[in-house]
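# Tertiary structure, described
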Amino acid sequence: QVQLVESGGGLVQAGGSLKLSCAASGRTFGNYAMGWFRQAPGKEREFVVAMTWSGDTAYYANSVKGRFTISRDNAKNAVYLQMNSLKPEDTAVYYCAADTSSLTRYGTRWYPTEYWGQGTQVTVSS
């Protein structure tokens, strides 16, 4: 079974930090671009950040630039999202995703269709 499992969400005060993890299993995702999306209540799912699995290139939504950092550990088949200086507007369910489509072709317009995690809730209090 191929799956992505997110963890690390929770409740944090504005200005605080959280680190999300995405553990991939069932196959090696070495040839997959991977990234994070989020969905707030009443809103469409939106792009946050994505990275080539090689880790050489990453694309960030303007809303999180300078605050969030994506990283990966190929040995653990995992992707992480370090979130700093969190704001109430960051409150959402965060999803990990992977796709063989070329991230470099789309940049911040990349939208995967192959694999999605179940999501983890991030709530930032004011």
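In the block above lies the structure referred to throughout.
Structure report, in brief.

What follows deals with the packing of aromatic side chains. Overall, the coordinates contain eight aromatic pairs when judged by the stated rule. Judged by centre distance (5.6 Å) and plane angle (85°), the rings of Phe 37 and Phe 47 are edge-to-face. Note that Phe 37 is positioned in strand E4 (residues 33-39) and Phe 47 in strand E5 (residues 46-51), a separation of 10 residues in sequence. For Phe 37, a relative accessible area of 1% gives the class buried. Residue Phe 47 is classed as buried on the basis of its relative accessible area, which comes to 11%. Members of the aromatic cluster, connected to one another through ring pairs, are Phe 37, Phe 47, Trp 110, Tyr 111 and Trp 116. The ring of Tyr 95 carries the charged tip of Arg 45 above its face, separated from the ring centre by 3.8 Å. The ring centre of Trp 116 lies 4.9 Å from the NZ or CZ of Arg 45, which sits over that ring.

Our focus in this paragraph is the pattern of salt bridges. In this structure the tally under the stated criterion is three salt bridges. Measuring nitrogen to oxygen at the nearest pair gives 2.7 Å for the salt bridge that ties Asp 90 to Arg 67. Of this pair, Asp 90 sits in the loop between strand E8 (78-83) and strand E9 (92-99) while Arg 67 is found in the loop between strand E6 (58-60) and strand E7 (68-73), placing the two residues 23 residues apart along the sequence. In the salt-bridge network here, residues are joined through shared partners; they are Arg 38, Glu 46, Arg 67 and Asp 90.

Each value, and the rule that gives it
Residues numbered from 1 in each chain as written. Predicted model: local features only at pLDDT ≥ 70, side-chain atom pairs only at ≥ 80, totals over all residues. Heavy atoms only, no water. Phe/Tyr/Trp six-rings, centres within 6.5 Å; stacked < 30°, edge-to-face > 60°. Helix = DSSP H or I, 4+ residues; strand = E, 2+ residues; numbered from the N terminus. Buried < 20%, exposed > 50% of the residue type's maximum accessible area, 1.4 Å probe, protein only. Lys NZ or Arg CZ within 6 Å of the ring centre and 35° of its normal. Salt bridge = Lys/Arg side-chain N within 4 Å of Asp/Glu carboxyl O.

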